[in-house]
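These are the residues of each chain, in order.
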Amino acid sequence: MTNKVPRSSRSALRRLLLVLGIVIGVVIYAYGWTATDISLDEVQDPVRQASVQRAMRELLSPDLFTRDRENRSFFVDFAIGCPDGDLPEGRTDTGDGAYVIFTPPCADSDEIITVEGFHFPADAIARIQLYREGQQNMPFRLVKSDAADAQASDESVFDLDSDGHFRVSVKVPRGRGLSGQTHQVEIQAAVPSGWPRLSATTETVIDKMIETIFLALMATTLALPVAVVLSFVAARNLMRQITLPLGNVLVGFVLLPVGGWLGYQALGPLGQLGVRWGKDVLPGLLGGAGALAGFALVSYALGRVTLAGSAQRVRSVALNALLVAVLVFILGVLGGLGIWLGGKLQTGLLADLGNFVGTLGTLVDLIIATLAAVGGAMWLSSLGASLVAGPMRHIFSPLSNVLGAVLGALSGAILLAMTALFGTQAVLLGLLTPVVAAALGGQLAVELYYLVPGARKPKRDRTDVDQMIHTLLYALGALLAFAITAYAIDLLRAIVDERPPSRAMIDLGLFEMRTYVAKSALIGGVLGGLAAGLAGTQVAFPLGMTVYNTSRTILNALRSIEPLIMGIVFVIWVGVGPFAGVLALTLHSIASLGKLYSEQVESIDAGPIEAIQSTGANRLQTIVYAVVPQIVPPYIAFTMYRWDINVRMSTIIGFVGGGGIGFLLQQQINLLRYNQAGVAVLAIAIVVSILDYASAAIRERIV
Amino acid sequence: MLKIEHLTKIYDSGVRALQDVSFEVPDGQFLVIIGLSGSGKSTLLRCINRLIEPTDGRIIWNNTDITDATDEELRQIRRKIGMIFQQFNLVRRAPVMTNVLAGRLGYTNPMWSLVNHFSAEDKRKALEKLNRVGIREKAYIRADQLSGGQQQRVGIARALMQEPELMLADEPVASLDPATSHSVMRYLELLNKEDGITILCSLHFLSLARTYADRIIALKDGRMEFDGLPQEIDDKRFKDIYGEDAVRVEIA
């Protein structure tokens, strides 16, 4: 087609497009100019120029050092109200070799005179005041301009040069009974003495800088383990190969809450018992050692017996369960011991250590029941899925469809009930329920389409038309499911009126439940049951990619929220201070490191993975032997890099109350103390550049 | 006995890498698979231990259907199938010893292996295998400091740690120079003759295949083109397998 268009008109068209592009570009920038209030008037405003000059000057004159000063007083005579007859001499000696010349030699109150001093102590800071025995001294205030109507400022302190010379204009003080007398005028000079030392500001800044560096270190290290685990889950190359038959996945999913409940009920108290015993030290130590020894004995004794295939399987399952129980108990004991140790080490050199151990112990105490629940859920779920894997293979239609329907209904109900429970917390979270329902609905629509003979084809055989039908049907199903769910749970009311879902309860015979949750569960059950029933238990479910997409979405969402905003929330939770900053930066670092790490995992050489897998290694072994050795250097490099970023971020996280040097900087800026602010800015610049250099150097060495 | 029945692999991209391939390998045979790049040799070998999931067909080994095995059963089967690779696939940053010990992963207690703990027995065995392939003294050197031929011998030692009954060798000498190639092939021959390990080895060069193979299978565009004794490949068969333009290259 294009060949038929004459060459000249094609280039004309191109030129027209170019002109159009330029015009559009200009319009965009013109709007941007207005939108961002770019104004040269402000830039040229002399008042603003003066203030920015002052601010910059002070910022660049940081209050770094100070030194002690010793006050020395010099007395001269000065008459307020000139006496009749001879005027006094302009020059008056102090008796210490220094002298002062008043011009004019005498003056009335409020008159402006010039005072010039010679041979005073060099480099001193001085002020002039009227000395009155037994009464308060009255300062001669400085006049900073030579204009006739110049006003006295509030200041009375001025600097002397290195010859001990000064020349200032001051205002003669006014007071009852001053006039007509000769007074003693005290020139008080603060003379530097001793070595220069760090100013109070510098000391505070150093203090806060250390806090800042540790804030960044804490955030980085706390984020590290979570990010490492997440990075494997969010790596496409590791997750893509994980597909399981739908039936196994559903069994595992249904067992999740059961295992969680069992873990919470059975292992939770065991862990808490461990904590109690640990607090009493001796029972904890004995119990922990006993549990370990017991486990070793049992596993050794059981290991001696040779068993047939299935019995061997039961044995390893039982041993694993026992191991989990022993580990939970021992973790509890360790937590209890930590609390005990924290209580003992409250004073002295080890107080910090005591606080650390004690807090860790309390943390264990707080989360052990939850940990037990999570452990139980994972254990039972994977156990169930692997136990049914064998028998499930030999179930075919229609039984596989019936089984799929039952398991799908249960899973769908659990899934949507859980999102609904989560969704009751806030309006926007309520969106999750229809979104998850939409995912199920889309799948259901596709499964319905597969009822048409010949419609179910593997992905590789699909034509573009097939693909389009798939996408359209999926979208349609998803939209329908979204609409129905949104209507059922009254999402519109929630979003428009910002009201969380109603708290009405419904009696289900066995137990009561929020109507909102029950409705969601019902929808989930129907959608899930239908979709899985039509698909059957044998269909391959991309478990890995589901986990991958979910974790990537969460990581991306977290990364898009700036730590400053997270800081605001954490300040509300744990109060103003560095802890809030640590939490905010930790959360952001998890998201950011998680992504950086997972990209490293994605770029590793797949060869060793193949090799280790082919030896019969399991998934965890494959990760440890084939993946981990390849990613250690880049992980270290990225961790350093993140620490570097965190130091930079923690210098400003204080602006929202997150502790560190930013807090100090903001205070000083608000008080217009730019000299002091200058110290903080300087400190940030120095630390950031050092860390920048150090992290670059280390990264270069490792990679 | 390894039985491949109607094995077909179609990748998600639509590429038909294997089409209805069937053959049997009696125990103790040294079988060489030849064919051009992209003819499906690697896919075939990887389907046998299911590093690649076959699309269709069955693979039966010692009366077990590998294609039907669950994850757990598959791990048990893989333990007995050693594999070596064109690119050696060693963990380059780890010492030779760790690489060799990794061959025991299917047998060890998973918990202990996660902290890199192996039994004294396993360590003794690893040194013995390294000794067998002639690089006992390199045990504690990082794998990436060895030459190509040495790395491939580490690969063989790793596979030997599995005490395999079947060895899959995917172009084991394609990254090596001719002299080293022969030395590696001779180790494979030794394993075949002395230990009675069945070997399935894919090779580019017909000359190497002729020297070492008991039997040769040729693949072309995913189909079986030839199955027979090395000496049966004459010029006509050669052109069928490698195409009209191919010229025989001898490797000394």
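Reading the values: the criteria
Residues numbered from 1 in each chain as written. Chains lettered and ligands numbered in written order. Predicted model: local features only at pLDDT ≥ 70, side-chain atom pairs only at ≥ 80, totals over all residues. Heavy atoms only, no water. Helix = DSSP H or I, 4+ residues; strand = E, 2+ residues; numbered from the N terminus. Rg over C-alpha atoms; globule rule 2.2 N^0.38 Å. Buried < 20%, exposed > 50% of the residue type's maximum accessible area, 1.4 Å probe, protein only. Contact = heavy atoms within 4.5 Å. Pairing = 2+ DSSP bridges. Polar contact = N/O pair within 3.5 Å; in protein donor to acceptor, adjacent residues only side chain to side chain. Domains from an automatic or database assignment. Buried area = accessible area lost by both parts, 1.4 Å probe. Salt bridge = Lys/Arg side-chain N within 4 Å of Asp/Glu carboxyl O. Disulfide = S-S within 2.5 Å. Axes fitted to C-alpha atoms, helices over the stretch in contact; angles between N-to-C directions. Parallel < 35°, antiparallel > 145°, perpendicular 65-115°, else oblique. Left-handed = near helix turned anticlockwise from the far one by under 90°. Nonpolar A, V, L, I, M, F, W, Y, C, P; charged D, E, K, R; others polar. 1 Å grid on protein atoms, 1.4 Å probe; cavity = no way out; pocket = protein on both sides within 12 Å on 5 of 7 lines; lining within 4 Å. Points joined across faces, edges and corners; volume = space filled by probe spheres on them.

Examining the overall build of chain B
1) Next: When helices and strands are tallied, chain B shows nine helices and 10 strands.
2) Next: By the compact-globule yardstick of 18 Å for 252 residues, chain B fits well, its C-alpha radius of gyration being 18 Å.
3) Next: Judged by the C-alpha coordinates and their principal axes, chain B covers about 55 × 45 × 35 Å.
4) Next: Counting the 252 residues in chain B, one finds 56% classified as buried.
5) Next: In chain B, the share of contacts with a sequence separation of at least 24, taken over all contacts with a separation of at least 6, comes to 69%.

Some points on the pairing of strand β6 (residues 81-84) of chain B
The side chains of a regular strand alternate, first on one face of the sheet and then on the other.
All names here are of chain B.
1) Next: Because side chains alternate across β6, one face comprises the buried residues Ile81 and Met83, and the other comprises Gly82 and Ile84, equally buried.
2) Next: When β6 meets strand β7 (residues 166-170), the two strands line up parallel, connected through four bridges. Across the sheet, Ile81 pairs through a bridge with Leu166, a residue of β7.

As for the side chain of A:Thr586
1) Next: As for its position among the elements, A:Thr586 is in helix α17 (residues 578-602).
2) Next: A polar side-chain atom of A:Thr586 sits 2.5 Å from the main-chain carbonyl oxygen of A:Val582.

Some details on the domain arrangement of chain A
Residue and element names in this part refer to chain A.
1) Next: Here chain A is described as being made up of domain 1 (2-38), domain 2 (68-194), domain 3 (199-243 + 544-703), domain 4 (244-391) and domain 5 (395-541).
2) Next: A buried area of about 1100 Å², summed over both sides, lies between domain 4 and domain 5, and 78% of it is on carbon and sulfur atoms.
3) Next: Our enumeration of links across domain 4 and domain 5 arrives at zero salt bridges.
4) Next: Counting across the domain 4 and domain 5 interface gives four residue pairs in polar contact (both at pLDDT 80 or more).
5) Next: At the level of elements, β14 (244-245) and α6 (246-279) are the ones that each hand at least two residues to the side of domain 4 that touches domain 5.

Topic: the pairing of strand β6 (residues 112-118) of chain A
Residues and elements named next belong to chain A.
1) Next: With five of its seven residues buried, β6 lies for the most part within the structure.
2) Next: Bridge count between strand β4 (residues 99-103) and β6: five bridges; the pairing is antiparallel. Its bridge partner lying in β6, Val100 is registered against Gly117.
3) Next: Of the strand pairs in this sheet, β6 and strand β11 (residues 166-171) are connected by six bridges, and their pairing is antiparallel. When the bridges of β11 are listed, Gly117 appears paired with Phe166.

Quick look at the state of the cysteines
1) Next: In total, this model carries one disulfide over all chains according to the counting rule given.
2) Next: At a sulfur-sulfur separation of 1.7 Å, the disulfide partner of A:Cys82 is A:Cys106. Handedness of the A:Cys82-A:Cys106 disulfide follows from its S-S torsion of about 110 degrees: it is right-handed. In this pair, A:Cys82 sits in the loop between β2 (69-80) and β3 (91-93) while A:Cys106 sits in strand β5 (residues 106-107), placing the two residues 24 residues apart along the sequence.
3) Next: Under the relative-accessibility criterion, A:Cys82 is labelled partly exposed at 38%.
4) Next: When its relative accessible area of 4% is taken as the criterion, A:Cys106 is described as buried.
5) Next: Cysteine B:Cys201 is unpaired, with the sulfur of B:Cys47 as its nearest cysteine sulfur at 17 Å.
6) Next: Classification of B:Cys201 as buried rests on a relative accessible area of 0%.

Quick look at the packing of helix α10 (residues 399-423) of chain A against helix α11 (residues 432-449) of chain A
Helix packing for two helices is described by the angle between their axes and how far apart those axes are.
Residue and element names in this part refer to chain A.
1) Next: One can describe the packing of α10 onto α11 by two numbers: an axis separation of 8 Å at closest approach and a directional angle of 160 degrees. The orientation of α10 with respect to α11, classified from their angle, is roughly antiparallel. Considering the relative orientation of α10 and α11, their crossing is right-handed. Here α10 contributes Leu415, Leu416, Thr419, Ala420 and Phe422 to the contact with α11, which in turn contributes Leu432, Thr433, Val436, Ala437 and Leu440.
2) Next: Its residues assigned to classes, the contact of α10 with α11 comprises eight nonpolar, two polar and no charged.

Considerations on the layout of surface pockets
All names here are of chain A.
1) Next: Considered as a void within the structure, the second largest pocket measures approximately 990 Å³ in volume.
2) Next: Residue lining of the second largest pocket: 21 residues in total, with Met218, Leu222, Thr359, Phe579 and Val582 positioned closest to the centre.
3) Next: Of all the secondary-structure elements, those providing two or more residues to the lining of the second largest pocket are α4 (200-233), α9 (351-392), α16 (563-574) and α17.
4) Next: If one sorts the elements of the lining of the second largest pocket by residue count, α9 sits on top with eight residues.
5) Next: Grouping the constituent residues of the lining of the second largest pocket by class yields 14 nonpolar, five polar and two charged.
6) Next: Shared between two domains, the lining of the second largest pocket holds at least three residues of each, these being domain 3 (199-243 + 544-703) and domain 4 (244-391).

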